[in-house]
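Observations on the model geometry
As a plain string of letters, each chain reads:
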Amino acid sequence: MKSFDWSALSAEERKQALARPAHRCSDEVSGAVRAIFEEIAAEGEIALRRWAAKLDGAEPTALALTPTAVDQARAALAREDVEAIEFAVDQVRFYHEATKPKPQSVETSPGVLCRRVWRPIETCGLYVPGGSAPLVSTLIMLAEPARVAGVPNRVVVTPPGRTGMPHPALIAGAVACGVDQLWLMGGAQAIAALALGVLTPKAQKIFGPGNAYVAEAKRYASGLPGGPAIDLPAGPSELMVIADGGADAERVAADLLSQAEHDCDAQVVLVSTSREQVDAVRAAVDRQLETLPRADIARRALAQSRTIFVRDAGEAAEVANRYAPEHLSVQVAAPQALVDQITSAGAVFVGGFAAETFGDYVAGPSHVLPTDGAAACFSGVGVASFMTSFAVQEVTAAGVRALAGPAARLARLEGLEAHARAADIRLDARQDQAREPVARRRRASVVRSTRETKIVASVDLDRAGPVKLETGVGFFDHMLEQVAAHGGFALTLTCAGDLQVDAHHTVEDCALALGQALKEALGERRGIARYGFVLPMDEAEAQVSLDLSGRPYLVFEGAFSAPLLGVYPTEMTEHVFRSLSQAMGATIHVKVTGENDHHKTEACFKALGRALRQAVRIESDVTPSTKGVL
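Each chain carries its own residue numbering, running from 1 in the direction its sequence is written. Local features in this predicted model are restricted to residues of pLDDT 70 or higher, and side-chain atom pairs are both shown and tallied only at a pLDDT of 80 or more, whereas totals for entire chains, interfaces and linings draw on every residue. To get the side-chain values, take all heavy atoms of the structure and skip hydrogens and water.

1. Section: the packing of helix α5 (residues 79–98) against helix α6 (residues 136–149)
Running from N to C, α5 and α6 point in directions that differ by 40 degrees, and their axes come no closer than 9 Å. Along this stretch, α5 crosses α6, giving a crossing that reads as right-handed. Where α5 approaches α6, its residues Ile-85, Ala-88, Val-89, Val-92, Arg-93, His-96 and Glu-97 are matched on the opposing element by Val-136, Ile-140, Met-141, Glu-144, Pro-145, Arg-147 and Val-148. In terms of residue class, the contact of α5 with α6 is made up of nine nonpolar, one polar and four charged. Fitted lines through C-alpha atoms serve as axes, helices being fitted only where they are in contact, and the angles separating the N-to-C directions of these axes extend from 0 to 180 degrees. A run of H or I in DSSP becomes a helix once it reaches four residues, and a run of E becomes a strand once it reaches two; helices and strands are each numbered from the N terminus. What makes a crossing left-handed is the near helix being turned counterclockwise from the far one by less than a right angle; a clockwise turn instead makes it right-handed. Any two residues having at least one pair of non-hydrogen atoms within 4.5 Å are treated as being in contact. Classification used: nonpolar for Ala, Val, Leu, Ile, Met, Phe, Trp, Tyr, Cys and Pro, charged for Asp, Glu, Lys and Arg, polar for all others including Gly.

As structure tokens, this is what we get:
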């Protein structure tokens, strides 16, 4: 590893100290990639098969992941290996489900609703490197975010193994991610196949890291007329570690070697405020190399790696931001203060316990990250990488009054008269539009997770069904079914809860989730009837009055003699109404009398449904309040 003293370097020397290996973007690499693409574009499948036979040692094939193939692969792995793969898939899926982009609505002016919506791309190409090690982790880090995004066509390509078949771990990982086929081919020719739609489906966007040829092939493909988008520049791996004198030298050395062993083109950089620490890490690297199976590869990577002495944390942050590493490990006494200064990094690992290895496999975020300084302007792969978004703009008569004048003025300022007239004509028609109620789709889905329950609730106030309920409390399912059926809206609600303890958490949390879904579906509540009133059932009578004003308040009059109906605690009925009131933002008054607790409880829920049916009905396009606001 070459050593540098940052403060002693000139501007040009600093640039050279942070330079990547030159052959990553050499003329030899770019020329070879261009030749492969041109031949495959001209000759199609014939050229693809020729290049695959030459570089992969086998013609490209599609491996269907049949039950037999999957069983054989899993049998070839230790049980602990399969469990580790499944654990990683679960971790990655959970993280990406939690960070999936959500639709947003913004009212920029009264009557001007702008929504940002997200849609999955149709077909993605996922490149999983093979080489000297089966990178099942990369398959997981690409296939899972794509699945969470909802991409219908995930085309996975990976080099064939020495036997012409992929490593069993790749098959097990692919199946765990819901992939049903692997294309066995690698290198620039695989990228060309995805980009041109030769043999494989044509990918709209290509993802995945690889060697210098793969990285150049992705760049070349994205520049073709009508070519695919790419995720990010993802070439050979790199890691920068910032360590002060208190860092554990053995840990730092292990982290540096964990990236150096990837391939000969990898680069690692140690930045330290302590010369003694630099020497200690160098010694630890030498010791650990002696027993490292891939020591030869690591030594070749270390030959083009760096150690940089800096005076303080500020200089360390400057070095990191100028280098923009794929991975940045911060192992200093006050890591957060340093992290706050970082502006360019693919992923940051904070503290001595946060091994970069955890990020490679099981922490959750995708490890497909920008390299070669691209972290200065690219982010790592996430669910949003597999989606597109666009704005949906809705304008009412009130919105026309706010927008038409300024829009027409600006259009005429630019000399675009037709634009101005398109605004004017709507202003002229605003009185007719104002008298027409606006039909709005009112639906919402919410996820509520606590230590006791995990709930998914979806409502659609403009559809009468379906109604699907799985709370684990049968009687409560029946009651919620009455609310939806008498309310005239679609409802889906599932709950995994701690019923082995009791039903309280399940019932109350479901009510809160339902209330939140109803609140989101109602939106701004413009044009609704707002109020609802209901009365009797058999010998029982329930009176429920409702005001969707946005002000939560509950009055509940009634008592139940039986403690349980099945496993449903009758005392929870009042709690359900209180939770709905709070989460939905509604004033609810309930009065129930009768002799049969089953009938009394059911009457309450049916009456609530009937009150909701009246209150959510669209009657006009105005806010149902003399104040003009709820």
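2. Observations concerning helix α19 (residues 474–487)
Its 14 residues place the ends of α19 20 Å apart at the C-alpha level, agreeing with the 20 Å of an ideal helix rising 1.5 Å per residue. Burial of α19 is extensive: 10 of the 14 residues sit out of reach of the surface. Relative accessibility thresholds used throughout: buried, under 20% of the residue-type maximum; exposed, over 50%; partly exposed, between the two (1.4 Å probe, protein chains only). Among all positions in α19, only Phe-475, Phe-476, Asp-477, Met-479, Leu-480, Gln-482, Val-483, Ala-484, His-486 and Gly-487 are buried. Once α19 finishes, Gly-488 follows within two positions and takes phi at roughly 75 degrees, a positive value. Each helix should span, by expectation, one fewer than its residue count multiplied by 1.5 Å.

3. Description of the sheet that holds strand β3 (residues 104–109)
Sheets are built from strands that pair by backbone hydrogen bonding, the pairs being arranged parallel or antiparallel. Here, strands pair whenever DSSP counts at least two bridges between them. Pairing is antiparallel in the open sheet, where three strands are placed in the order β3-β4-β15. The outermost strands of the open sheet, each flanked by one partner alone, are β3 and β15 (387–395). Taking each pair of neighbouring strands and ignoring which way they run, the sheet shows an average axis angle of 25 degrees. As defined by bridge partners, β3 adjoins strand β4 (residues 112–120) across five bridges and the pair is classed as antiparallel. Across the sheet, Gln-104 pairs through a bridge with Arg-116, a residue of β4. Across the face of the sheet, helix α16 (residues 397–413) comes into contact with β3, β4 and β15 while running at roughly 95 degrees to β15.

4. Some words on the packing of aromatic side chains
Ring pairs are drawn from Phe, Tyr and Trp, using the six-membered ring of Trp, whenever the two centres fall within 6.5 Å, and their geometry is named by plane angle: stacked under 30 degrees, edge-to-face over 60, tilted for the rest. Scanning all chains against the criterion turns up six aromatic pairs. When the ring of Phe-475 is compared with that of Tyr-568, the centres are 5.3 Å apart and the planes differ by 45 degrees; the resulting orientation is tilted. Placement of the pair is Phe-475 in helix α19 and Tyr-568 in strand β24 (residues 568–569), with a sequence separation of 93 residues. For Phe-475, a relative accessible area of 13% gives the class buried. Ring centres of Phe-577 and Phe-605 lie 5.7 Å apart, and the angle between their planes is 50 degrees; on these two criteria the pair is classed as tilted. Within this pair, whereas Phe-577 is found in helix α21 (residues 572–584), its partner Phe-605 is found in helix α22 (residues 597–615), the two being separated by 28 residues in sequence. For Phe-605, a relative accessible area of 0% puts it in the buried group. A positively charged side chain is recorded as over a ring if its NZ (Lys) or CZ (Arg) lies within 6 Å of the ring centre. The angle to the ring normal must also be within 35 degrees. A cation over a ring is seen here: Arg-20 above Tyr-323, with NZ or CZ 3.7 Å from the ring centre. We note Arg-251 situated over the ring of Phe-353; from NZ or CZ to the ring centre the distance is 4.9 Å.

5. Things to note about the packing of α6 against helix α7 (residues 168–176)
Contact geometry for α6 and α7: axes closest at 9 Å, N-to-C directions at 15 degrees. Looking at the two axes, α6 sits roughly parallel to α7. In this structure, the crossing between α6 and α7 has a hand that is right-handed. Touching Val-136, Leu-139, Glu-144 and Arg-147 of α6 are Ala-169, Leu-170, Gly-173, Ala-174 and Ala-176, all from α7. The residue inventory of the contact of α6 with α7, partitioned by class, reads six nonpolar, one polar and two charged. Geometric relationships in this document are graded by angle, where less than 35 degrees denotes roughly parallel, more than 145 denotes roughly antiparallel, 65 to 115 denotes roughly perpendicular, and other angles denote oblique.

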